Amino acid sequence: MNEPHVMPTYARYPLTLVRAAGTRVWDDAGRSYLDFAGALGVTAIGHSHPAWVTAVRDQLDTLDMVSNLYATEPQARLAGRLAELMPVPDARVFFCNSGAEANEAAIKLARKHGLATGKPSIVALEGSFHGRTTATLAATGQPPKRAAFEPLVDWFRFVPPGDLSALEAILTADVGAVLLEPVMGEGGVRPLADDYLRGVRALCDERGVLLCADEVQSGLGRCGDWAALQHAGVEADVLTLAKALGGGLPIGAMLARAGISFVPGDHASTFGGGPVACAGALAVLDTIERDALLERARLIGEALPGAAVAAAPAGSVVEARGRGCLWGFELARPVANDVVLAMIDEGVLATPAGPDVVRMSPPLTSGDEEVAEAARAFGAAVATVLAPAEEGSA
Ligand code: PLP
């Protein structure tokens, strides 16, 4: 589609999408695709789930928008549900509109708490991704994404993921928080080991440091648990959510354990936690619970990686990493974008997560046949892109 007035912040794939339902999307030529890109991890319950559509419509008919100067029932209920489900003790919830905003709020909260306790620095991980606002970009451990905007705030220090000794060494007296994604998404789909996460929690407890978990991509069933941290049995002091939460409407949430809180005047959002987005989010949570979608995500996680690797030419996939409905397939060469393009030809949408990783984030509602179809398309696409070169070099 010709779109001369859209600012080109995304390198688009050659598709214009006009319709979506369940696990499928349709382009303007009427061709359908299996959506294993999942709107970058948003569509946990698929596109336009009837329960979500009904909840959003009903809310639009009842109370559309009133601002955060007043309490609303959907926001109070959603905060209560998230406090129940997420591994944050007796949580208080701040609502915003995106993952970056949720992390921005977490960073501000950690910074305020840290300044008050003489520990204003924050440790983040190399290879992490926390968003594109200036503070979340400063927390993102991918220097090329930061380069055009330096200098950014100098509140962050970085350590390699998975290395407890490095973390221990960097937790000097001025560090008040550790920020991490339990499953690193944009950095190539890298689940942090349960032992590492338990070790981080222990170190944070020992040093009086906040553990802030960015579950924007990994949370809400994507990795088979309400929060990926629960796989390791670990609790966070601060935890952020977005993507899947709104079911397609923009909403983000920052949870902080009781005792760590903003007060009026510290932070705000005009649209944050509006009644319609909250009603949609409640429908997402209810659907995940009612339809046992955490279990379904785990089953998909048992089937998808094996089938996808088996469908690809031998040696072309170096490693399959992930959990539940978030998988990254590391290729033998940095051709992830070419494979994603070839998958479009095969009728399946996926996304790259770095130059050599093809990522699939299917809805938790995906059926067995859809999983098999995506695996087959991945295998065929990898064969198209990689096999000729592999043969040539053999
Ligand atoms: N944090 C993580 C782990 C993410 O994967 C993303 C987006 O991909 C973000 C934060 C930023 O979220 P948003 O694009 O909603 O601002």
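The paragraphs below set out a description of the structure included in this document. Keep in mind that what you see is a predicted model, and the values were worked out from it rather than measured.

Rules and cut-offs
- Residues numbered from 1 in each chain as written.
- Predicted model: local features only at pLDDT ≥ 70, side-chain atom pairs only at ≥ 80, totals over all residues.
- Heavy atoms only, no water.
- Phe/Tyr/Trp six-rings, centres within 6.5 Å; stacked < 30°, edge-to-face > 60°.
- Lys NZ or Arg CZ within 6 Å of the ring centre and 35° of its normal.
- Helix = DSSP H or I, 4+ residues; strand = E, 2+ residues; numbered from the N terminus.
- Expected span 1.5 Å × (residues − 1).
- Buried < 20%, exposed > 50% of the residue type's maximum accessible area, 1.4 Å probe, protein only.
- Contact = heavy atoms within 4.5 Å.
- Core = buried A, V, L, I, M, F, W, Y, C linked by side-chain atoms within 4.5 Å.
- Domains from an automatic or database assignment.
- Near = heavy atom within 4 Å.
- Polar contact = N/O pair within 3.5 Å; in protein donor to acceptor, adjacent residues only side chain to side chain.
- Areas by Shrake-Rupley, 256 points an atom, 1.4 Å probe, with all protein chains shown as cover.
- Nonpolar A, V, L, I, M, F, W, Y, C, P; charged D, E, K, R; others polar.
- Axes fitted to C-alpha atoms, helices over the stretch in contact; angles between N-to-C directions.
- Left-handed = near helix turned anticlockwise from the far one by under 90°.

So, about the packing of aromatic side chains. Scanning all chains against the criterion turns up three aromatic pairs. An angle of 35° between the planes, with centres 6.4 Å apart, marks the rings of W155 and F156 as tilted. Sitting over the face of the ring of W26, R19 holds its NZ or CZ atom 4.0 Å from the ring centroid.

A few words now on helix 8 (residues 194–207). Helix length check: helix 8, at 14 residues, gives a terminal C-alpha distance of 20 Å against a target of 20 Å (1.5 Å per residue), a fit within 8%. Burial in helix 8 covers these residues: D194, Y196, L197, G199, V200, R201, L203 and C204. Contact partners of the buried residues in helix 8: strand 5 (121–125), helix 7 (164–170), strand 7 (175–180), strand 10 (210–214) and strand 13 (317–323).

If you look at the biggest cluster of nonpolar residues, it comprises 88 residues, and the most contacted ones within it are V178, L331, M360 and F378. Here this core gets nine residues from one element, more than from any other, and that element is helix 9 (residues 275–290). When residues of this core are assigned to domains, at least three map to each of domain 1 (17–49 + 292–393) and domain 2 (50–290). Residues within four places of V178 in sequence aside, it is in contact with V123, L167, L171, V200, C204, V209, L210, L211 and C212. Counting residues in each nonpolar core, the second largest holds 24 residues, with I107, A110, I122 and M254 among its members.

Turning our attention to the site of the ligand. Taken together, 13 residues lie near the ligand, and G99, A100, D214, Q217 and K243 sit nearest. A100 is positioned with one of its backbone polar atoms (N or O) 2.8 Å from an oxygen atom of the ligand. Between the ligand and the protein, one listed contact pairs a nitrogen atom with a side-chain N or O atom of D214 at 2.8 Å. Protein chains bury 81% of the 390 Å² of accessible surface belonging to the ligand in isolation. Of the residues that constitute the shell around the ligand, the class distribution is three nonpolar, six polar and four charged.

Once that is clear, we can look at the packing of helix 3 (residues 73–85) against helix 9. Running from amino to carboxyl end, helix 3 crosses helix 9 at an angle of 35°, the nearest separation of the two axes being 8 Å. The hand of the helix 3/helix 9 crossing is left-handed. In this structure, helix 3 uses P74, Q75, R77, L78, R81, L82 and L85 to contact helix 9, whose residues at the interface are P275, C278, A279, A281, L282, L285, D286 and E289. Residue composition of the contact of helix 3 with helix 9, grouped by class: ten nonpolar, one polar and four charged.

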